[in-house]
Amino acid sequence: MEKYLPLKINCSITTECWSFYRFAIIEAYPNLTNWTIQHYNHLFADEHLELFYGVNGQKYDQYNCYSPVLNIKGLFREKILPEQLVPFIKRQIDKGIYVLVECEYGYLRDKLPGYIHEILVCGYDDDRQAFQSPILDGLKWNIAYITYNDLEVAYSILDDISLDCLSENLYRREYLMPITLITANTQYNVDYNLCSFYKDVMYICSESYKVHKTFIDELEHGKSFHGYWSCYNALLTVSNNILNDEKYYSTEYQYALYIKKLYDYRTKLQKDLSTLIKFFNISFDSKLTAMGKDIVKMLNICYMTAIKYNITKDKQCIKNIAETLYLAFYKEKEILLALFDTLCSHLIKLK
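The written sequence of each chain sets the order in which its residues are numbered from 1. Local features in a predicted model are, by the rule used here, given only for residues with pLDDT of at least 70; side-chain atom pairs are given and counted only at 80 or more, and totals for whole chains, interfaces and linings are based on all residues. To get the side-chain values, all heavy atoms of the structure are used, and hydrogens and water are removed first.

**Q** Please explain the packing of aromatic side chains as it appears in this structure.
**A** Any aromatic ring pair is given by two values, namely how distant the centres are and how the planes are angled relative to each other. Classification of ring pairs uses Phe, Tyr and Trp, with its six-membered ring standing for Trp, and accepts pairs whose centres are within 6.5 Å; under 30 degrees between planes counts as stacked, over 60 as edge-to-face, and the remaining range as tilted. Across all of its chains, the model carries 28 aromatic pairs by this definition. Relative to Trp35, the ring of Phe23 has its centre 6.5 Å away and its plane inclined at 55 degrees; by these criteria the two rings are tilted. Highlighted residues: Phe23 in helix α1 (residues 17–26) and Trp35 in the loop between α2 (30–33) and β2 (43–45), separated in sequence by 12 residues. For the exposure calls, accessible area comes from a 1.4 Å probe over protein chains only, and a residue counts as buried if that area is under 20% of its type's maximum, exposed if over 50%, partly exposed in between. Given the relative accessible area of 1%, Trp35 is considered buried. Taking the centre distance of 5.8 Å and the plane angle of 35 degrees together, the rings of Trp35 and Tyr66 count as tilted. Of this pair, Trp35 sits in the loop between α2 and β2 while Tyr66 sits in the loop between β4 (58–59) and β5 (70–75), placing them 31 residues apart in sequence. For a Lys NZ or an Arg CZ to count as sitting over a ring, it must be within 6 Å of the ring centre and within 35 degrees of the ring normal. Arg128 extends its terminal NZ or CZ atom over the ring of Tyr145, reaching a point 3.9 Å from the ring centre. Helix and strand assignments follow DSSP, with helices taken as H or I runs no shorter than four residues and strands as E runs no shorter than two, numbered in order from the N terminus.

**Q** Would you explain the environment of Leu235 in this entry?
**A** Mapped onto the secondary structure, Leu235 falls in helix α8 (residues 228–243). A residue is classified by how much of its surface remains accessible, and Leu235, at 0% relative accessible area, is buried. Sequence separation of Leu235 and Gly54 is 181 residues, and the distance between their C-alpha atoms is 17 Å. Throughout, a contact is declared for two residues whenever any of their heavy atoms are within 4.5 Å. Contact partners of Leu235, with chain neighbours within four places excluded, come to Leu51, Tyr255, Tyr258, Ile259, Leu262 and Leu325.

**Q** I tried to follow the sheet that holds strand β8 (residues 123–125) on my own but got confused; where do I start?
**A** Strand pairing in a sheet is mediated by backbone hydrogen bonds. Such pairs are either parallel or antiparallel. Sheet architecture is open: 4 strands sit in the order β1-β8-β9-β10, paired in antiparallel fashion. Single-partner strands in this sheet number two, and they are β1 (2–4) and β10 (140–147). Shown here is a sheet whose adjacent strand axes are inclined to one another by a mean of 35 degrees, direction ignored. Of the strand pairs in this sheet, strand β9 (residues 130–137) and β10 are connected by 8 bridges, and their pairing is antiparallel. From the neighbouring strand, Ser133 faces β10, where its bridge partner is Ala144. Running at roughly 95 degrees to β10, helix α5 (residues 148–157) makes contact with β8, β9 and β10 of the sheet. In this scheme, strands are said to pair when DSSP sees at least two bridges between them. Lines fitted to C-alpha atoms define the axes here, with helix axes fitted over just the stretch in contact, and angles between the N-to-C directions of these axes take values from 0 to 180 degrees.

**Q** Mind showing me how you'd approach the nonpolar core here?
**A** For the purposes of this section, nonpolar cores are sets of buried Ala, Val, Leu, Ile, Met, Phe, Trp, Tyr and Cys residues that join through side-chain atoms within 4.5 Å. Counting residues in hydrophobic clusters, the biggest one holds 115 residues, and the most contacted among them are Ile89, Leu151, Phe197 and Leu262. For Leu262, the contacting residues outside a window of four places in its chain are Leu43, Leu51, Tyr228, Cys231, Tyr232, Leu235, Leu299 and Leu325.

**Q** Would you explain the pattern of salt bridges in this entry?
**A** Oppositely charged side chains can form a pair if their charged atoms are brought close together. By salt bridge we mean one thing: a side-chain nitrogen of Lys or Arg within 4 Å of a carboxyl oxygen of Asp or Glu. Enumeration over the complete set of coordinates arrives at 11 salt bridges. The closest approach of N and O atoms between Arg173 and Glu102, which form a salt bridge, is 2.7 Å. You can see Arg173 sitting in the loop between α6 (163–168) and β11 (179–184) and its partner Glu102 sitting in strand β6 (residues 97–104), a full 71 residues away along the chain. Look at Arg173 and you get partly exposed, because its relative accessible area is 28%.

Written as structure tokens, this is what we have:
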């Protein structure tokens, strides 16, 4: 016997595991996808120059923010013993419920022990004696099969994990419990809100900002607050650190990762803005819309160049990224400020 639940592996958000799992489910259901257009609309950089989806310097709440489209329930390990895990997961899949299972990921992926991570189970195949799950290879998600036995062993290993290791991984409770059950609310109906659209654009445009033009060491005005503008500043600051041989992230992989996160965010934003402008019949300069597409292309170039830098260690790559980010920021500012003014005028005319 076999059963597979729908999953969109190439969903809008790929660079945060906890967000990817939820979006891969949501975007697998056509009536749920429209929910994303007015949600997950903000990105920020924290004091460590790391980028996260969230607003006002707070990451999105993985337990509650999806409530219109996903039902999420968490269980502690004591509820499901290792020998109960396989039949338990199969029962959930039969009921249309996705299962996130925290386990010793190193065992599954031939990595060093002590790497606690979760996998999303979206199907099973008794002939293969395996579960189906998306697995991250580098920066790309692929569908893989994990045998029933391997998952049971990886799950059971955590019974003997040290308290110190569990303590170090306590931050994970911000995103999920040891076992997390996710059900899609297929009865959801989209309800776009013009005032929410206005508020999102206003939030971005009202941010103070600071932009670091890396290659000539130029600082522009303002204090940087948590929000979209801070993402450009963070990546430009990191670029400058690399050029000056200063420590930036724990791995070079993260530099490319955060540029990819900015690219993913801007790709989604471009699509969402176009949808909402059309839906609310807002008259907006088509040249500025085209400029938004240019920004998406520029950020993709930055991402590919960051990967090239990881291979070649050629600092000219970093200079090219910094220059492109700097230009993209000013294009971005022009688009969003103009959109904010347009939305203000549009709202004033409405009765």
